[in-house]
Amino acid sequence: MSKYILKLDREVCQSNFVCTAVDPRDFEEEDSGKYEGKVRLKEEPEDEKVHEIELSEDERGEGEQAANGCPVFAIELIDKETGETIAP
Ligand code: SF4
């Protein structure tokens, strides 16, 4: 069951790819040109306005590392039930 939301703000992303290094399960470099070489969430729906995916308790660790590692705070891990920001 998903407990967390992992959110990416591509407007803020500076394409240094810390997130793809620490959390390759969830993030990948986007190479189609659609997002100007920025990252995307692997399970992100095709609708480009939606930049978030859901994570289970088991998946939390990597998402948290990505959120804490992003130098420009473009990634946020949110508790789905409370809406509280867990990281960064
Ligand atoms: S770590 Fe942050 S700034 Fe770097 S590619 Fe990922 S989202 Fe973009």
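This text goes with the structure placed above it.
Being a predicted model, the structure only gives us computed values, none of them experimental.

Asker: Just give me the short version of the overall build of the protein, but keep the residues and values in it.
Answerer: Helix and strand content of the protein: 2 helices and 6 strands. If you list the helices and strands of the protein from N to C, you get β-α-β-β-β-α-β-β. The globule rule puts the C-alpha radius of gyration for 88 residues at 12 Å, and the 12 Å found for the protein is close to it. Projected onto the principal axes, the alpha-carbon positions of the protein cover approximately 35 × 25 × 20 Å. When each of the 88 residues of the protein is scored for burial, the buried share is 28%. In the protein, the share of contacts with a sequence separation of at least 24, taken over all contacts with a separation of at least 6, comes to 59%.

Asker: An account of the site of the ligand is needed here, citing residue identities and associated values.
Answerer: Near the ligand, the surroundings consist of 13 residues, among which Cys13, Val18, Cys19, Cys70 and Ala74 are the closest. Its residues assigned to classes, the shell around the ligand comprises 10 nonpolar, 3 polar and no charged.

Asker: Lay out the pairing of strand S4 (residues 52–56) with the relevant residues and their values.
Answerer: Residues Ile53 and Leu55 of S4 are buried on one face, while the alternating residues Glu52, Glu54 and Ser56, pointing to the opposite face, are not. Bridge count between strand S1 (residues 2–8) and S4: 5 bridges; the pairing is antiparallel. In the sheet register, isoleucine 5 faces S4, and the bridge partner there is glutamate 54.

Asker: Provide a residue-level description of helix H2 (residues 60–69), including the pertinent values.
Answerer: Residues Gly63, Glu64, Ala66 and Ala67 constitute the buried set of H2. The arc that holds the buried residues of H2, viewed along the axis, is 160 degrees, so those residues lie on one side. On its buried face, H2 is in contact with S1, helix H1 (18–22), strand S2 (27–29), S4, strand S5 (75–79) and strand S6 (85–87).

What counts and what doesn't
Residues numbered from 1 in each chain as written. Predicted model: local features only at pLDDT ≥ 70, side-chain atom pairs only at ≥ 80, totals over all residues. Helix = DSSP H or I, 4+ residues; strand = E, 2+ residues; numbered from the N terminus. Rg over C-alpha atoms; globule rule 2.2 N^0.38 Å. Buried ≥ 20, exposed ≤ 12 C-beta atoms within 10 Å, placed from the backbone. Contact = placed C-beta atoms within 7 Å. Near = placed C-beta within 6 Å. Nonpolar A, V, L, I, M, F, W, Y, C, P; charged D, E, K, R; others polar. Pairing = 2+ DSSP bridges. Arc of directions from axis to C-beta.

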